[in-house]
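An overview of the molecular structure
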Amino acid sequence: MTIWLAREVVLEMERLGSIYYPLETGGMLLGWRDGPDRIATGLIGPGSGALHGLYSFIPDGAWQRARLAHIFSATAGDLDYLGDWHTHPDGVAAMSEVDRRTLSKIERRVRDPLMVILAGAASRWDMGAWFGTRPGYWGRLSASAAETRIFDAPTGWPVLMEVS
Ligand SMILES: [Zn+2]
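Residues numbered from 1 in each chain as written. Predicted model: local features only at pLDDT ≥ 70, side-chain atom pairs only at ≥ 80, totals over all residues. Heavy atoms only, no water.

Per an unreviewed UniProt entry, the protein carries the name Integrative and conjugative element protein (TIGR02256 family) and comes from Sphingopyxis panaciterrulae.

**Observations regarding the environment of Leu5**
Examined against the element boundaries, Leu5 turns out to sit in strand β1 (residues 2–6). Separated by 25 residues in sequence, Leu5 and Leu30 place their C-alpha atoms 9.9 Å apart. With sequence-adjacent residues up to four places away left out, Leu5 is seen in contact with Val10, Leu29, Ala40, Met127, Thr148, Arg149, Ile150 and Phe151. (Helix = DSSP H or I, 4+ residues; strand = E, 2+ residues; numbered from the N terminus. Contact = heavy atoms within 4.5 Å.)

**Digging into the layout of surface pockets**
Roughly 670 Å³ of volume is contained in the largest pocket. What lines the largest pocket is a set of 30 residues, and nearest its centre among them are Phe57, Ile58, Pro59, Asp84 and Thr102. Looking at the lining of the largest pocket, its residues break down into 13 nonpolar, nine polar and eight charged. (1 Å grid on protein atoms, 1.4 Å probe; cavity = no way out; pocket = protein on both sides within 12 Å on 5 of 7 lines; lining within 4 Å. Points joined across faces, edges and corners; volume = space filled by probe spheres on them. Nonpolar A, V, L, I, M, F, W, Y, C, P; charged D, E, K, R; others polar.)

**Digging into the coordination of the zinc ion**
The zinc ion binds to the protein through His86 (NE2), His88 (NE2), Asp99 (OD) and Asp99 (OD), with metal-donor distances spanning 2.0 to 2.4 Å. Around the zinc ion, the four donor atoms are arranged such that angles at the metal cover 56 to 155°; this shape is classified as irregular. Site description for the zinc ion: donor spacing in sequence, H-x1-H-x10-D. Here Asp99 lies in helix α3 (residues 97–106) and His86 lies in strand β6 (residues 80–89), a separation of 13 residues in the sequence. (Donors = N, O, S within 2.8 Å, 3.2 Å for Na, K, Ca; no water. Tetrahedral: all angles 85-135°; square planar, octahedral: opposite > 155°, others 65-115°.)

**Describing helix α1 (residues 7–20)**
For α1, which comprises 14 residues, the first-to-last C-alpha distance of 20 Å matches the rise-based estimate of 20 Å (1.5 Å per residue) to within 8%. All of the buried residues in α1 are Val9, Val10, Glu12, Met13, Leu16 and Gly17. Looking straight down α1, one finds that the buried residues subtend no more than 165° of arc, so they occupy a single side. Exposed and facing more than 90 degrees away from the buried side of α1 are Leu11 and Ile19. (Expected span 1.5 Å × (residues − 1). Buried < 20%, exposed > 50% of the residue type's maximum accessible area, 1.4 Å probe, protein only. Arc of directions from axis to C-beta.)

**Focus: the pairing of β1**
With four of five residues buried, β1 lies mostly within the body of the structure. Summarising the sheet, β1 and strand β10 (residues 147–151) pair through five bridges and their orientation is parallel. What sits directly across from Leu5, in β10, is Ile150. Bridge analysis of β1 against strand β3 (residues 37–44) gives three bridges, and the strand direction is parallel. The residue of β3 that forms the bridge with Ile3 is Arg38. (Pairing = 2+ DSSP bridges.)

**Comments concerning the UniProt feature "domain: JAB" (unreviewed entry) in the protein**
Residues annotated by UniProt as "domain: JAB" (unreviewed entry) correspond here to residues 19–120. Taken end to end, residues 19–120 comprises 25% helix and 37% strand; its first and last C-alpha atoms sit 13 Å apart. (UniProt positions renumbered as here; feature names shortened; annotations may be inferred.)

**Some thoughts on the side chain of Glu162**
Checked against the element boundaries, Glu162 lands in strand β11 (residues 160–162). With a relative accessible area of 19%, Glu162 lands in the buried category. In this structure the side chain of Glu162 is engaged in a polar contact, spanning 3.0 Å, whose partner is the side chain of Arg67. When neighbours within four sequence positions are excluded, Glu162 is seen to be in contact with Leu43, Ile44, Gly45, Trp63, Arg67 and Ile71. (Polar contact = N/O pair within 3.5 Å; in protein donor to acceptor, adjacent residues only side chain to side chain.)

**Some words on unusual backbone geometry**
Each neighbour pair has its own omega, and for Tyr21 with Pro22 the value is 5°, a cis peptide bond. Its place among the elements puts Pro22 in the loop between α1 and β2 (26–34). In this structure, Asp90 is a non-glycine residue whose phi angle is positive, near 55°. Note on placement: Asp90 falls in the loop between β6 and α3.

Dropping the structure here:
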């Protein structure tokens, strides 16, 4: 699977990561599926009620769900929820145990959910991406690394950043 990220989405993740540095932040990735790939051109931020810690982040879920519902209907379903993103300030772009549990929770709402992690400092971020897959209904969710590509969205594509 390749995750295609609109340049605006990456810049917004980095901008928010730098604003909250050295605390974690994050949000939702929005877009659509193209075969096995994902195209992400939308981003939802943490929300004003989010909790930002040095090693933890809890989004403002109610606000995020309301913005997601609004964007989904405003784009006639073009931008749907694909998964989450968050930062690891001064850390590494790798899935923690907590991240794996979060991925399992996301999977209740979206099939093969994404998790994008930006690690680093305020001025430089490394990006890693994973997606969750489950071998059969009773299997344990496993996180596989996904390739990311940054692209310039053509004019007219739904590129949307929702940051409170
Ligand atoms: Zn994490």
